[in-house]
Amino acid sequence: MGEAPAFVADDLPGDYPNGFDLKSEGHNTVVNVGNKTYLIGGTDHGSKSTIEVRVSDKRTGGWVTPTVLGTRPKPSEVISAVILNEDRIFILKGDSSPDDCFWFLEIHHEQVDTPFVQEKRKEFGTEVVAWSKGVVGDAKKPIVISGPSGVGKGTLISALMKEFPSTFGFSVSHTTRAPRKREQNGVHYHFTERSVMEEEIRDGKFLEFAEVHGNLYGTSIEVVEVVADAGKRCILDIDVQGARSVRASSLEAIFIFVCPPSFEELEKRLRARGTETEQQIQKRLQNAKAELEQAESQGLFDHILVNDDLETCYASLKKLLDLDEAVEIINESSPPLVDLPRDHSVSKIDKKILISCGTRERASKNIFLLDLSSLKGGAPGRTRGLDIYTSDSMTNGINEGDGEDLHEVEVIQEYEIEDEGPSIMK
Ligand SMILES: Nc1nc2c(ncn2[C@@H]2O[C@H](COP(=O)(O)OP(=O)(O)O)[C@@H](O)[C@H]2O)c(=O)[nH]1
Ligand SMILES: Nc1ncnc2c1ncn2[C@@H]1O[C@H](COP(=O)(O)OP(=O)(O)O)[C@@H](O)[C@H]1O
């Protein structure tokens, strides 16, 4: 499908500053997509802490407040919007911190929905939009570790985290089970009321969840994203049902199943740990049989590790993660960040966005080029894979060999200079 005609308009004529008969405090931007108009920004719903979204269908008129999912951006004095295709609007917030200036709003359109918006629209039966924060650079592939209770998953994960604290981060799951003696809330699990967790699942906040040994367990999207935001590789300790759900999700991960050397040894370890009642042990052993059978399902796990001797198993784990010879290297270099000023203008060509800083009258030499051609993920998590080139990096030849980008920058600059009024992007 071709690119949707798009415009960015900050100052349309009308009764209110947004150009419509719609009261909305604060700065907002209006975007037309097909038959719909989106008003993004402003706050008139009592909530001063997040950006509001309102939708109007030109065929029926009137404004509706859609169901808004995902992490929402904080309001900003300056908001620009660019339509990427008919299911996604790119939002730039001026005067925001470098990790908070790029956002994506996934919307519903007759022909195109992102899978998440489509699923939630069916579930809620209303207009649905979903936010995701744009992040420069990619995340490292998470590692999913499954295996029966008592096989040694926790022991192996602790060893990995201890030896490589800057490389790995643990995905702290939510659970409705009661904490064990030495377990801390927020460290081992987020211990949660069932009703609260069920509501959050309905709101689309979980990457996966499952009923395990009579309790509800789940991985929240935010928990995995926060580990990746810190530049770490996320480790998930989840059951086989959870692994299956993650496999079916858009999250690309490595899947490892840990097996006991024998069923008797598994029972011995579970009893020796001394954290469960006899009844709970019986339930876990019963479930272990099913998990061991399911582990052999075609295409579910990438690696199966037998945890007989702990040291040998740990060495094999490190080997398959390419860590066997490794001394932890702390990578201090991070991608360039943008301090997007209040005054800026935005243009789009194909999948590249050019941001020129300064006003039209007083353009500064500061230019950023954002390449959106390798986006990954999306609402309700992060949209990763933004590539950023600053005017410094372009003139210093950091992107040497990337002549195509530089050529396009020149074209966009001409376009920007010639253009007056609301920028019309094709
Ligand atoms: N699907 C899913 N399973 C989880 C999650 N967190 C933990 N589990 C699994 O739940 C099961 C029970 O975990 P836990 O109560 O800590 O007992 P343990 O495995 O015997 O230490 C294990 O198989 C875990 O891998 C989660 O977020 N999602
Ligand atoms: N290879 C091993 N040999 C003997 N005991 C082990 C081994 N690996 C783990 N254990 C012990 O087995 C028990 C269960 O391990 P744990 O890591 O809690 O399992 P899980 O997280 O899979 O439920 C713990 O007491 C742990 O010290």
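Residues numbered from 1 in each chain as written. Chains lettered and ligands numbered in written order. Predicted model: local features only at pLDDT ≥ 70, side-chain atom pairs only at ≥ 80, totals over all residues. Heavy atoms only, no water.

Participant: Can you walk me through helix 4 (residues 221-229) in this structure?
Facilitator: Helical periodicity: at 3.6 residues per turn, an α-helix aligns residues three or four positions apart in one direction. When helix 4 is considered as a whole, its buried residues turn out to be Ile 221, Val 223, Val 224, Glu 225, Val 227 and Ala 228. Of the surrounding secondary structure, the elements contacted by the buried residues of helix 4 are strand 12 (168-170), strand 14 (190-191), strand 15 (206-212), strand 16 (215-220), strand 17 (233-237) and strand 24 (382-390). (Buried < 20%, exposed > 50% of the residue type's maximum accessible area, 1.4 Å probe, protein only. Helix = DSSP H or I, 4+ residues; strand = E, 2+ residues; numbered from the N terminus. Contact = heavy atoms within 4.5 Å.)

Participant: Which parts of the structure should I look at to understand the site of ligand 1?
Facilitator: The immediate surroundings of ligand 1 are formed by 20 residues, with Ser 149, Arg 177, Tyr 189, Tyr 217 and Arg 284 found nearest. One nitrogen or oxygen atom from the side chain of Asp 239 is found 2.8 Å from a nitrogen atom belonging to ligand 1. Between ligand 1 and Arg 273 there is a distance of 2.7 Å, counted from an oxygen atom to a side-chain nitrogen or oxygen. For the shell around ligand 1, the secondary-structure elements that each account for two or more residues are strand 15 and strand 16. Broken down by class, the residue content of the shell around ligand 1 amounts to five nonpolar, seven polar and eight charged. (Near = heavy atom within 4 Å. Polar contact = N/O pair within 3.5 Å; in protein donor to acceptor, adjacent residues only side chain to side chain. Nonpolar A, V, L, I, M, F, W, Y, C, P; charged D, E, K, R; others polar.)

Participant: What is the right way to read the sheet that holds strand 15 from this model?
Facilitator: Across the sheet, four strands lie side by side as 14-13-16-15; this open sheet has mixed pairing. A strand with exactly one partner marks an edge of an open sheet, and here the two such strands are strand 14 and strand 15. Here strand 15 pairs with strand 16 via six bridges, running antiparallel. Within strand 16, the residue paired with Glu 208 across the bridge is Thr 219. (Pairing = 2+ DSSP bridges.)

Participant: Explain the environment of Lys 93 here, please?
Facilitator: Of note, Lys 93 is situated in strand 8 (residues 88-94). A relative accessible area of 0% places Lys 93 in the buried class. At 2.9 Å, the side chain of Lys 93 and the backbone oxygen of Lys 74 are in polar contact. A polar contact is formed between the side chain of Lys 93 and the side chain of Asp 100, at a distance of 2.8 Å.

Participant: How should the UniProt feature "domain: Guanylate kinase-like" (unreviewed entry) in the protein be read in this particular structure?
Facilitator: Under the UniProt annotation, the feature "domain: Guanylate kinase-like" (unreviewed entry) is placed at residues 140-322. Within residues 140-322, the helical portion is 42% and the strand portion 21%, while the C-alpha atoms at the span's ends are 14 Å from each other. (UniProt positions renumbered as here; feature names shortened; annotations may be inferred.)

Participant: Could you clarify how one ought to interpret the packing of aromatic side chains in this entry?
Facilitator: The description of an aromatic ring pair rests on the distance of the ring centres and on the angle between the ring planes. Inspection of the entire model under this criterion finds seven aromatic pairs. Look at Trp 103 and Trp 131: their rings are 6.2 Å apart centre to centre, the planes differ by 90°, and that puts the pair in the edge-to-face class. Taken together, the residues span a long stretch of sequence, with Trp 103 in strand 9 (residues 102-106) and Trp 131 in strand 10 (residues 128-136) at a distance of 28 residues. Taking the relative accessible area as the measure of exposure, Trp 103 reaches 2% and is therefore buried. The rings of Phe 90, Phe 102 and Phe 104 are connected pair by pair, giving a single aromatic cluster. (Phe/Tyr/Trp six-rings, centres within 6.5 Å; stacked < 30°, edge-to-face > 60°.)

Participant: I would appreciate a short explanation of the site of ligand 2 in the present structure.
Facilitator: If you check the shell around ligand 2, you find 14 residues, and the closest are Gly 150, Lys 153, Thr 155, Arg 273 and Asn 307. In the model, an oxygen atom of ligand 2 is placed 3.0 Å from a nitrogen or oxygen of the Gly 152 main chain. Elements supplying a minimum of two residues to the shell around ligand 2: helix 2 (153-163) and helix 6 (263-273). A per-element tally of the shell around ligand 2 places helix 2 first, with three residues. For the shell around ligand 2, the class distribution of residues is three nonpolar, six polar and five charged.

Participant: Quick question: what am I supposed to make of the pattern of salt bridges here?
Facilitator: Two side chains with opposite charge may pair up if their charged atoms get near one another. Per the counting criterion, the structure on display carries 25 salt bridges. A salt bridge links Arg 342 to Glu 77; the shortest N-O distance between them is 3.7 Å. Taken together, the positions of Arg 342 in the loop between helix 8 (310-320) and strand 20 (344-349) and Glu 77 in the loop between strand 6 (67-69) and strand 7 (78-85) put the pair 265 residues apart, joining distant regions of the chain. Among the salt bridges present, the one from Glu 183 reaches Arg 177, with a minimum N-O distance of 2.8 Å. Each member of the pair, Glu 183 as well as Arg 177, carries the same accessibility label: buried. (Salt bridge = Lys/Arg side-chain N within 4 Å of Asp/Glu carboxyl O.)

Participant: I keep staring at the state of the cysteines and nothing clicks. Help me out?
Facilitator: Should the sulfur atoms of two cysteines be covalently bonded, the bond is a disulfide. In this structure the tally under the stated criterion is zero disulfides. Here Cys 234 is not cross-linked by a disulfide; its sulfur's nearest cysteine counterpart is in Cys 313, at 20 Å. Accessibility expressed as a relative area gives 2% for Cys 234, which makes it buried. Note on Cys 357: no disulfide assigned, nearest cysteine sulfur contributed by Cys 101 at a separation of 10 Å. (Disulfide = S-S within 2.5 Å.)

Participant: Sorry, what's going on with the confidence of the model for the protein here?
Facilitator: For residues with low pLDDT, the predicted coordinates do not support detailed interpretation. Residue-level pLDDT values for the protein average 82, and 81% of them are 70 or greater. Note on residues 1-18: pLDDT under 50 across the span, and 45 contacts to partners over four residues away in sequence or across chains. Considering only residues more than four positions removed or in separate chains, one finds that residues 397-426, a stretch of pLDDT under 50, has 44 contacts. (pLDDT = per-residue confidence, 0-100.)

Participant: Could you clarify how one ought to interpret the packing of helix 6 against helix 7 (residues 278-294) in this entry?
Facilitator: Between two packed helices, both the angle of their axes relative to each other and the distance between the axes serve to describe the pair. For the pair helix 6 and helix 7, the least separation of the axes is 11 Å and the interaxial angle reads 145°. Both helix 6 and helix 7 take part in a crossing whose hand is right-handed. Together, Phe 263, Leu 266, Glu 267, Leu 270, Arg 271 and Arg 273 of helix 6 and Glu 278, Ile 281, Gln 282, Arg 284, Leu 285, Ala 288, Lys 289 and Leu 292 of helix 7 make up the contact between the two elements. (Axes fitted to C-alpha atoms, helices over the stretch in contact; angles between N-to-C directions. Left-handed = near helix turned anticlockwise from the far one by under 90°.)

Participant: I tried to follow the domain arrangement of the protein on my own but got confused; where do I start?
Facilitator: Many descriptions give the size of an interface as the accessible area lost when the pieces come together. We note that the domain assignment places domain 1 (28-137 + 338-389) and domain 2 (143-321) within the protein. A straight line from the C-alpha centre of domain 1 to that of domain 2 covers 35 Å. Contacts between the two partners involve eleven residues from domain 1 and, on the opposite side, ten residues from domain 2. Taken as a group, Pro 380, Arg 382 and Arg 384 account for 51% of the area that domain 1 buries against domain 2, more than any other trio of residues on that side. In this structure, the connection of domain 1 to domain 2 is made through four salt bridges. Residue Glu 222 pairs with Arg 382 through a salt bridge whose shortest N-O separation is 3.1 Å. Summed over the shared surface of domain 1 and domain 2, the number is seven residue pairs in polar contact (both at pLDDT 80 or more). Those elements giving two or more residues to the side of domain 1 that touches domain 2 turn out to be helix 1 (115-124) and strand 24. (Domains from an automatic or database assignment. Buried area = accessible area lost by both parts, 1.4 Å probe.)

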